[in-house]
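# Coordinates in review
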There are 4 protein chains.
Amino acid sequence: MIKASIIGATGYAGLELTRILSLHPEVKIVGAVSRMAAGKHLSEVYPSFKGKDLVLLSELNDSDDSDVVFTALPHGVSMNIVPSLIAKGKKVIDLSADFRYDDADTYKKWYLEHKCKDLLEDAVYGLCEINKDKIRTAKLIGNPGCYTTCSILPLYPLLKEGLISTDNIIIDAKSGTSGAGRKESLGFSFCEVNENFKAYSVAVHRHTSEIEEKLSWAANKNIALSFTPHLLPVKRGILATIYANIENISRKDVLDAYKMYSSEPFINVYENGLPELKHVNGSNNVNIGFVIDERLNRLVIVSCIDNLIKGAAGQAVQNMNLMYGLDETTGLSPVAWYL
Amino acid sequence: MIKASIIGATGYAGLELTRILSLHPEVKIVGAVSRMAAGKHLSEVYPSFKGKDLVLLSELNDSDDSDVVFTALPHGVSMNIVPSLIAKGKKVIDLSADFRYDDADTYKKWYLEHKCKDLLEDAVYGLCEINKDKIRTAKLIGNPGCYTTCSILPLYPLLKEGLISTDNIIIDAKSGTSGAGRKESLGFSFCEVNENFKAYSVAVHRHTSEIEEKLSWAANKNIALSFTPHLLPVKRGILATIYANIENISRKDVLDAYKMYSSEPFINVYENGLPELKHVNGSNNVNIGFVIDERLNRLVIVSCIDNLIKGAAGQAVQNMNLMYGLDETTGLSPVAWYL
Amino acid sequence: MIKASIIGATGYAGLELTRILSLHPEVKIVGAVSRMAAGKHLSEVYPSFKGKDLVLLSELNDSDDSDVVFTALPHGVSMNIVPSLIAKGKKVIDLSADFRYDDADTYKKWYLEHKCKDLLEDAVYGLCEINKDKIRTAKLIGNPGCYTTCSILPLYPLLKEGLISTDNIIIDAKSGTSGAGRKESLGFSFCEVNENFKAYSVAVHRHTSEIEEKLSWAANKNIALSFTPHLLPVKRGILATIYANIENISRKDVLDAYKMYSSEPFINVYENGLPELKHVNGSNNVNIGFVIDERLNRLVIVSCIDNLIKGAAGQAVQNMNLMYGLDETTGLSPVAWYL
Amino acid sequence: MIKASIIGATGYAGLELTRILSLHPEVKIVGAVSRMAAGKHLSEVYPSFKGKDLVLLSELNDSDDSDVVFTALPHGVSMNIVPSLIAKGKKVIDLSADFRYDDADTYKKWYLEHKCKDLLEDAVYGLCEINKDKIRTAKLIGNPGCYTTCSILPLYPLLKEGLISTDNIIIDAKSGTSGAGRKESLGFSFCEVNENFKAYSVAVHRHTSEIEEKLSWAANKNIALSFTPHLLPVKRGILATIYANIENISRKDVLDAYKMYSSEPFINVYENGLPELKHVNGSNNVNIGFVIDERLNRLVIVSCIDNLIKGAAGQAVQNMNLMYGLDETTGLSPVAWYL
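Quick caveat: nothing in here was measured; it's all calculated off a predicted structure. (Residues numbered from 1 in each chain as written. Chains lettered and ligands numbered in written order. Predicted model: local features only at pLDDT ≥ 70, side-chain atom pairs only at ≥ 80, totals over all residues. Heavy atoms only, no water.)

### Details of the overall build of chain A
Secondary structure summary: chain A contains 11 helices and 13 strands in total. Taken along its principal axes, the extent of the C-alpha atoms in chain A is 65 × 45 × 35 Å. Counting over 339 residues, chain A shows a buried share of 69%. Sequence-distant contacts in chain A: of pairs separated by 6 or more residues, those separated by 24 or more amount to 72%. When the accessible surface of chain A is split by element, carbon and sulfur atoms take 45% of a total near 11100 Å². One finds the centroid of the 36 positive side-chain charges in chain A at a distance of 3 Å from the centroid of its 40 negative side-chain charges. (Helix = DSSP H or I, 4+ residues; strand = E, 2+ residues; numbered from the N terminus. Buried < 20%, exposed > 50% of the residue type's maximum accessible area, 1.4 Å probe, protein only. Contact = heavy atoms within 4.5 Å. Areas by Shrake-Rupley, 256 points an atom, 1.4 Å probe, with all protein chains shown as cover. Lys, Arg positive; Asp, Glu negative; His and termini not counted. Charge placed at Lys NZ, Arg CZ, Asp CG, Glu CD.)

Printed below as a string of structure tokens:
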């Protein structure tokens, strides 16, 4: 059994992580930290755990013997805590943005000055389908963002194969409100969100930089693209509608590029039809479909993930599975809830 | 034109009041007060007013010339402000609980010590269909609560006519989340409310006392009943399912009792079928249907209102219409939105 | 491995059953029947199965070697199909109403004339926490209804212990729309249901008779009660608010009665607080809380289940686990989704 | 008073039209036709009309004396009915696609062969803010589509002024489900739509051709663009996110172009911030905001309408107001519901 701890167990990503790990057949949770609810039972915060409870800690004990620590903390906070965990020999899977970037300058530009650039260099970007070999031997994982997972995976093979123009890539993304985390905020209250829909952070959302850095790997050139997030009146799920200009490529060409994913257990490429949120919510899947608009020489891709699973907690567990030599799918559902 | 001011224009009841009054053909809004947004345009808080804007004040000017002031403030706050308005000769329609009770002791028991009991005595309970004559000449209206409006109106005629047992009356009520007002609260966030449903304040909700006091008028004896509120994942609307024991009464007997409302423009009694939220939301209507369960000698009533309109702002405007001798329906829709 | 088949795999209960069984560690699905989608892949109907697909059959093959067959069919249809399955030596878990009743006359009165009364006599009512021993050796299970599971379990111990009056029991129940099944119906369209709420089948819902028959077992006398279902604008979950008159009983008395469930893995009795849909949805749990209203000598109980899991597919799998000597919880989550 | 009739009063556009007209101070509804509900009261179909009812007809009487007839029928059906109404001297406002196109060949290509091309030539495209003078004297109005209204109005001034590139225009639009009309369809059931989101008709939606034809007027050249509709889990409202390439234009340039709308009562251009559905739903407004992404030389526009009001019934009434010389805003709200 892998002994795992979670720091930040009562945020929404932490909640989902705790749920998945508590049902994972190869994991024993040895510590669950929540500063705001230390000393309480988890079921006092989330009564959904009445059937399988644990006590929340204010911090990991000195005697903590976890093999792996999941840090589900705000960016800027993780980088204060992760170094000491690494120093104690723990493997760390960090769900914040703090260890996702190759380039500390990019991190600084979109977030803030990085405080442990050496660790940043050692960290492995935990996008499992792109970086699998490095993940297996990693000590520190920068677990990808939700929007970025949903955006990078469908574009990566096409840019690698040079099938689409690198100009005029537009990602119009729509996310459920759990992506904003658990917070007291008027803007996320039911009365404000239900029967509403809005765009936000247009042209300035931080995930833009993460998407661009990783897609630049694939294209072997600098990519700059439009990324527009929207807030859906749903709890879970991200759907990205992606536009790219093409010339003389066929449906088969695109499907061939996606063969890169043919042995990936969590990626479903649609022969026809397009994915919807309910095709993925509750699972760790990334579903991808597309339409070639011959009239306009444009490719329209639709990709979907569950933002809390493949976009956060599920991918973190997938990373752990890889790091410990388990079947990648252990404890993660390939079947979505649908309802 | 009636010159009207609103104190508390940016809460949800205040929003709805401002929307209705800004479209009312006989009203000119001369002051809209919001301490939290003073100096801003209303459209900065609610962009729904982009097409018909006004500037928010920190308090009513000394030169304020309003005829009537609507106070949409928390209970306990209104009673600090209303006396000076009355002293200036304004008519006041108060949407809080502060001027709803006959009995200051009941108010104290369920809320707090009352600070102006003499005004409380002069205040008229603004349940239009029950208290119409007193309202016409009132200077201070205690506008009824939302749950109470939806509960009292269907029961009043039956208790008055002695058609139901006064024991074992149970009101199982379900409200949209706007009833909780506009606030930063985790418990009312979209992720917590959507796809959820819960009971709250079971056996201790304050509206119980308001319902009991007014129904005791009708029954001419003290009424004590169960009132259980629930939180619906909808924005607007209250539906109350009401149970009362009966003996040997017919459908016709109940319909006859409801003839008391036959000339009321906003009460729709169903000959058959039962009301639903979408039959009333957006209107000032109270819709009432019922089933006689002969197997159990029990009457089951279903009543619905829009909590922000008939349960707050609409009823306040109906009171104003009565106080100024206008057609009661002026500026208030008898047709619901349905969608 | 248990070889299991599902007849009616593409209704909503069938969908949930197929999802649970496809992830169950001790089950191999050997047949999934859907007349309306025979020959298709399940993922063509529900793309949520893209990651774990199967082909739908028009009927079970002659060579079918399943040990247990789940029939998820409309009432009246099951009783035409189950006899031949039993004759072939299959164990059968039927999710319709056809094999739930002790009394064929009650079934006739609320549904229709029963066609195989002898099988009805042999069938075991599959409410696991009440009927566990009989279930272990049963060949044919009548899997309980959703409303009934949520209503019977909280009341059973109280009636057995004589803690509540058998008069004036009122069950005010609210269900998500998946309870109505998968159908093309204007009344269940999004535009009609969202931001709406309604009561239906007041005083005449069929589940009333199932609740009454089983609670009469507990009380050892005939029980007649009010049961009012309502349609919530949510996909999943049932919450029942239950009212019963009491005399001089304490909170401890009620908790003592519920000790009957203390070793039940799926029943959570709340020491304080009340359950909500999100405390149970996604799990097989039944959560029960209550308030004693001393002012009125009335007990108010709130109980919640996921209608598709404990109310249908999960309980069916729990029954299968019991029939095959597995740990009752195998393949069933004790942790709810919360989000 | 204008005597108005509605053919197709019980579809969702018809419902909204009937609601608006029944409250319009200058209109008397003299006929409401619904083949499916002829003879019934409107309140039997939509109990939201309990407070202001009318009887539905199977067709307009021979003695029908309406001045104007609104036809809210499926495309292909309207063109069978409108000619006889015109022949009788009625003014007609048709809400289908049948009279929207300049070019019968375009109509044929995206819909079907047109049956009355001469009337098509006389028909005026009822996009009020673009075509106001022609509308005033029109006898037959082709009322614009919902997606098209939301797409054309923000782009028209920019194309007219040559501020954006005509290549690479992408309209990513999201609509509430009422846009699909009132129908029994599994795909629009609550369980399928809630907590879901999907794209549909990618690259082939018919409204593409209507948008392109009208924007070609503005640009004075043929426009071809990407239009992608999505289905939101909301009842009402359309939000379009529009991308266009630019070169060296400023925020002021865009605002200057929008001055074309400065006297339009229903168009709100945002100085800053972006519109959301709840800024427009319930009103006849078109709200437009934008961001200039200087990093990419791209303009991102967000526009919103209520699909049933400005996208259908409200615009139809606005057209009527213009045709009868009324203030354009009569009976139409410039204030949205917000909640």
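### Overview of the relation of the copies chain D and chain A
Of the two same-sequence chains, chain D is brought onto chain A (RMSD 0.0 Å, axial shift 0.0 Å) by a rotation of 180°. On the angle and the small slide along the axis, the relation comes out as a two-fold axis. In this assembly the copies share their binding face: 100% of the residues contributing to the interface of chain D also contribute to that of chain A. (Least-squares fit on C-alpha atoms with pLDDT ≥ 70 in both.)

### Some words on the relation of the copies chain B and chain A
There are two copies of the chain, and a rotation about an axis plus a shift along that axis relates them. Rotating chain B by 180° and moving it 0.0 Å along the rotation axis overlays it on chain A with an RMSD of 0.0 Å. The share of interface residues of chain B whose copies in chain A are also at the interface is 100%, consistent with both copies meeting through the same surface.

### Examining the interface of chain B and chain A
When the parts of a complex come together, some accessible area is lost, and that lost area is often used as the size of the interface. Facing 19 residues of chain B, the contacting portion of chain A comprises 19 residues. Buried area between chain B and chain A, summed over both chains or domains, comes out near 1700 Å², and the portion from carbon and sulfur atoms is 62%. In terms of surface lost to chain A, no three residues of chain B exceed B:Leu186, B:Phe190 and B:Lys235, which account for 39% of the buried area on that side. At the boundary of chain B with chain A, the tally comes to zero salt bridges. Here chain B is connected to chain A by six residue pairs in polar contact (both at pLDDT 80 or more). By residue number, the principal contributor to the side of chain B that touches chain A is helix 8 (residues 190–193) of chain B, which donates four residues. Taken together, the residues of the side of chain B that touches chain A sort by class into eight nonpolar, five polar and six charged. (Buried area = accessible area lost by both parts, 1.4 Å probe. Salt bridge = Lys/Arg side-chain N within 4 Å of Asp/Glu carboxyl O. Polar contact = N/O pair within 3.5 Å; in protein donor to acceptor, adjacent residues only side chain to side chain. Nonpolar A, V, L, I, M, F, W, Y, C, P; charged D, E, K, R; others polar.)

### Digging into helix 1 (residues 12–22) of chain A
With respect to burial, helix 1 of chain A is a largely interior element, 10 of its 11 residues being buried. Looking only at helix 1 of chain A, the buried set comprises A:Tyr12, A:Gly14, A:Leu15, A:Glu16, A:Leu17, A:Thr18, A:Arg19, A:Ile20, A:Leu21 and A:Ser22. The elements touched by buried residues of helix 1 of chain A are strand 1 (2–7), strand 2 (27–33), helix 2 (42–45), strand 3 (68–71) and helix 11 (309–323) of chain A together with helix 8 of chain B.

### Notes on the confidence of the model for chain A
Chain-level pLDDT for chain A is 97 on average; 100% of the residues reach the 70-or-more range. The ipTM assigned to the predicted complex is 0.97, against a pTM of 0.98. (pLDDT = per-residue confidence, 0-100.)

### Quick look at the sheet that holds strand 4 (residues 91–94) of chain A
All names here are of chain A. Taken together, the six strands give an open sheet; going across it, the order is 2-1-3-4-6-5, and neighbouring strands pair in parallel fashion. Two strands lie at the open edges of the sheet, namely strand 2 and strand 5 (124–125), each paired on one side alone. Here strand 1 runs beside strand 3; their pairing, made up of four bridges, is parallel. Residue pairing in the sheet places Ser5 in a bridge with Val69 of strand 3. Where helix 11 meets the sheet, its contacts fall on strand 1, strand 2, strand 3, strand 4 and strand 6 (140–142), and the angle it forms with strand 4 comes to roughly 155°. (Pairing = 2+ DSSP bridges. Axes fitted to C-alpha atoms, helices over the stretch in contact; angles between N-to-C directions.)

### Considering the environment of C:Lys221
Residue and element names in this part refer to chain C. Considering the arrangement of structural elements, one finds Lys221 in the loop between helix 9 (207–219) and strand 9 (226–231). Each residue touching Lys221, except ones within four places of it in the same chain, is listed here: Thr166 and Ser216. Separated by 2.7 Å, the side chains of Lys221 and Thr166 make a polar contact.

### Side note on the packing of aromatic side chains
Aromatic ring pairs are reported here in terms of the distance separating the ring centres and the angle at which the planes meet. Per the counting criterion, the structure on display carries 38 aromatic pairs over all chains. A ring pair is formed by B:Tyr46 and D:Tyr338, whose centres lie 4.6 Å apart and whose planes are at 75°; its orientation type is edge-to-face. Taken together, the residues B:Tyr46 in the loop between helix 2 (42–45) and strand 3 (68–71) and D:Tyr338 in the segment after helix 11 (309–323) connect one chain to another. The burial state of B:Tyr46 is the same as that of D:Tyr338; both residues are buried. With 5.6 Å between their ring centres and 10° between their planes, C:Phe190 and D:Phe190 make a pair best called stacked. Taken together, the positions of C:Phe190 in helix 8 (residues 190–193) and D:Phe190 in helix 8 (residues 190–193) put the pair across two chains. Taking relative accessible area as the criterion, C:Phe190 reaches 0% and is therefore assigned buried. (Phe/Tyr/Trp six-rings, centres within 6.5 Å; stacked < 30°, edge-to-face > 60°.)

### Details of the pairing of strand 12 (residues 286–293) of chain C
Residue and element names in this part refer to chain C. The buried count for strand 12 comes to eight of eight residues, which makes it a mostly enclosed element. Taking every second residue as pointing to the same face, both faces of strand 12 are buried, with Val286, Ile288, Phe290 and Ile292 on one and Asn287, Gly289, Val291 and Asp293 on the other. Where strand 11 (residues 267–269) lies against strand 12, three bridges are found, and the strand directions are parallel. Within strand 12, the position partnered with Ile267 by the bridge is Val286. Two strands pair when backbone bridges link them, and strand 12 and strand 13 (residues 298–305) are joined in this way by eight bridges, in the antiparallel orientation. In the sheet register, Gly289 faces strand 13, and the bridge partner there is Val302.

### Structural notes on the interface of chain D and chain A
Counting residues at the interface gives 46 residues for chain D and 46 residues for chain A. Roughly 3800 Å² of surface becomes buried between chain D and chain A when both sides are summed, with 54% attributable to carbon and sulfur atoms. Together, D:Glu195, D:Phe197 and D:Arg295 form the three largest contributors to the area buried by chain D at its contact with chain A, with a combined 16%. Put simply, chain D and chain A have four salt bridges between them. With a shortest N-O distance of 2.7 Å, A:Arg295 and D:Glu212 are connected by a salt bridge. Counting across the interface, chain D meets chain A through 36 residue pairs in polar contact (both at pLDDT 80 or more).

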